[in-house]
Amino acid sequence: MKKGVLLIIAAMLTLSSFAQSSTDSYTVNKTDGTSEKFEIGDGMYNHIAFTADKMTNYITADGTDIVENATWNIADLSNVTFSIAGTPTQDSTTETATVCCKNMGPGYNLGNTFESNSLKTSYFDPDTASVTAFETLWGQPVTTQDLMTFLHNNGFGAVRLPVTWAQHMDADGNVDEAWMNRINEVVDYIVNSGMYCILNTHHDNANGSVAWLKDDATVYQNNVAKFKKLWTQIATRFKDYGHLLVFEGFNEMLDGNNNWSAPDDETTYTVHNEWAQAFVDAVRATGGKNKTRNLLINPYAATNSEKALAHLTVPSDPIGNNEHIMVGVHTYDPYNFVINKTSWDSECQKYVTDMMARLKTYFVDKGTPILIGEYGTHGSDANGNYVSVNKKSSDALKKMAADQAAQITKEAKAIGAPAFYWMNIIDGSDRSVPQWSLPTVVTAIIDAYNN
């Protein structure tokens, strides 16, 4: 019960960092299965106090006239959950990147949503398409606050928000206001639910049809000013947001030849590190809470290979001893395991364990925290078709996905790293309910993280 009490205190401290509104509430969940929900009126503030065996909630409007609201026996309580609608602009907490990574908990990627992009086709014209048309282009419903609340209430602590900006900027690099406003709304959904949000640039890099960022010296020279302008606009919009918002400079940056494996050309890595430095410089220059915002950079292609990790230089940061920089990698390996394997076997397990050892050696042991920005079951069949475990997959495939998720979650947590599943655990129409698409995988994640 002592652990539970500490979790309640931590949650209450989070609540008190927001100005409470008429939509705020907290729910006391009891061991007998019943619960009590308390609405908080405008201007009312809650304080929880403990004795050896009691938990008491007090309310006050002005900080002086404190009134006892309710008292419970601690032995009768399971947990306390909070629904917070206050704005993140009032959160003044500063965390180091190391603390941030340890606090995130299990993570989820809101994939196939705001990173969607298409060239002009007979059925979709990006020059005239609405924000909603982009958001739903790749088969996902409109994102809601209910979805984020569901994720948070069911054990997730962070959402990675992939965003492709290329088709939402004019020739001078100015971001469309309607697009920025919608991204702002979804960031608010995430942080107002009490979760961390990682906001990035996504298919602006890699090898897609709209990619304009490459690990190429000429591309860098031609586009670095536009890249910094983009991040200046993003950072300025969110400069008053607190520690729950993290910026990720780029997703999976590739060279001019679109090599997914780390290349031998040293110039590629020089340019890659210059992109990372340009990102940090642009964000820091906007001031406000961006002076100490935690920032995420990825190695070449976001791969976790030895070569890519060895060639990544952590950017110079004017804040402290680079204490607000973290590194992220992706893993869908052993690639095609859901096609080539019948179980998450010892070879698969060894891959993850070896990867975690590399991440620890290259970064964690040197003071730079790490996270797994994407993982899952992505692969491709002999015809080049996308393959991934989903709600229609066999029980055997779902078991493989669950075993993978459990190992990655457990071993990542051991080195202080959160891990973000790539979308399939709640996908398509299930986001609108909301309900899990892969409940057994989610159970494996939550159990591995908690145990």
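Every chain is numbered on its own, with residues counted from 1 as its sequence reads. Only residues with pLDDT of at least 70 are given local features in this predicted model, and only at 80 or more are side-chain atom pairs given and counted; all residues enter the totals for whole chains, interfaces and linings. As a convention, hydrogens and water are excluded, and side-chain values are obtained from all of the structure's heavy atoms.

Observations regarding the sheet that holds strand 10 (residues 245-248)
Strand pairing in a sheet relies on backbone hydrogen bonds. The paired strands run either parallel or antiparallel. Two strands make a pair as long as DSSP finds a minimum of two bridges between them. What counts as a helix is a DSSP run of H or I of at least four residues, what counts as a strand is a run of E of at least two, and both are numbered from the N terminus. Overall, parallel pairing links the 8 strands, which are arranged 7-8-9-10-11-12-13-16 in a closed barrel. Put simply, the sheet's adjacent strands are angled 25 degrees from each other on average, direction ignored. With 2 bridges connecting them, strand 13 (residues 370-375) and strand 16 (residues 419-422) associate as parallel partners. Bridge pairing in strand 16 places Tyr 375 opposite Tyr 421. Between N-to-C directions, angles span 0 to 180 degrees; the directions come from axes that are lines fitted to C-alpha atoms, helices contributing only their stretch in contact.

A short note on helix 11 (residues 395-414)
The length a helix should cover is 1.5 Å for every residue beyond the first. The terminal C-alpha atoms of helix 11, which comprises 20 residues, lie 29 Å apart, in line with the 28 Å expected from a rise of 1.5 Å per residue. Only protein chains enter the area calculation, which uses a 1.4 Å probe; residues under 20% of their type maximum are buried, those over 50% are exposed, and those in between are partly exposed. Buried within helix 11 we find Lys 398, Met 400, Ala 401, Ala 402, Gln 404, Ala 405, Gln 407, Ile 408, Thr 409 and Ala 412. Just downstream of helix 11 lies Gly 416, where phi reads positive at about 80 degrees.

Section: the confidence of the model for the protein
Residues of the protein with pLDDT of at least 70 account for 86%, and the chain-wide mean is 89. Think of pLDDT as the predictor's per-residue confidence, scored from 0 to 100. We call two residues in contact whenever any of their non-hydrogen atoms come within 4.5 Å of each other. Note that residues 85-92 has pLDDT below 50 and, in this model, 31 contacts with residues that lie over four places away or in other chains.

A short note on the side chain of Ser 388
Relative to the assigned elements, Ser 388 resides in the loop between strand 15 (386-387) and helix 11. Counted as a polar contact is a pair of N or O atoms within 3.5 Å, where, for protein atoms, one must be capable of donating a hydrogen and the other of accepting one, and residues adjacent in sequence contribute only when both atoms are in side chains. Separated by 2.9 Å, the side chains of Ser 388 and Thr 377 make a polar contact. Those residues in contact with Ser 388 that lie beyond four places of it in its chain are Thr 377, His 378, Ser 393 and Asn 424.

Side note on unusual backbone geometry
For the peptide bond that leads from Asp 333 to Pro 334, omega is -5 degrees, which places it in the cis range. With respect to the helices, strands and loops of the structure, Pro 334 is situated in the loop between strand 12 (325-331) and helix 9 (337-340). The peptide bond linking Val 433 to Pro 434 adopts the cis configuration, its omega dihedral lying at -15 degrees. Within the fold, Pro 434 resides in the loop between strand 16 and helix 12 (439-450). For Ala 206, which is not glycine, the phi torsion reads 70 degrees and is therefore positive. Position of Ala 206 among the secondary structure elements: in the loop between strand 9 (196-200) and helix 6 (217-237). Phi is positive for Ala 302, close to 55 degrees, though the residue is something other than glycine. Structurally, the position occupied by Ala 302 is in the loop between strand 11 (295-297) and helix 8 (306-311). Residue classification places Ala 302 among the buried positions, given a relative accessible area of 1%.

Considering the pattern of salt bridges
Any carboxyl oxygen of Asp or Glu that lies within 4 Å of a side-chain nitrogen of Lys or Arg is treated as forming a salt bridge with it. Overall, the coordinates contain 15 salt bridges when judged by the stated rule. Across the pair Glu 177 and Arg 237 runs a salt bridge, and its minimum N-O distance is 2.7 Å. With a gap of 60 residues between them, Glu 177 in helix 5 (residues 177-192) and Arg 237 in helix 6 connect regions that are remote in the sequence. By relative accessible area, which is 26% here, Arg 237 ends up partly exposed. Look at the salt bridges and you will find they share partners, linking Lys 120, Asp 125 and Asp 127 into a network.

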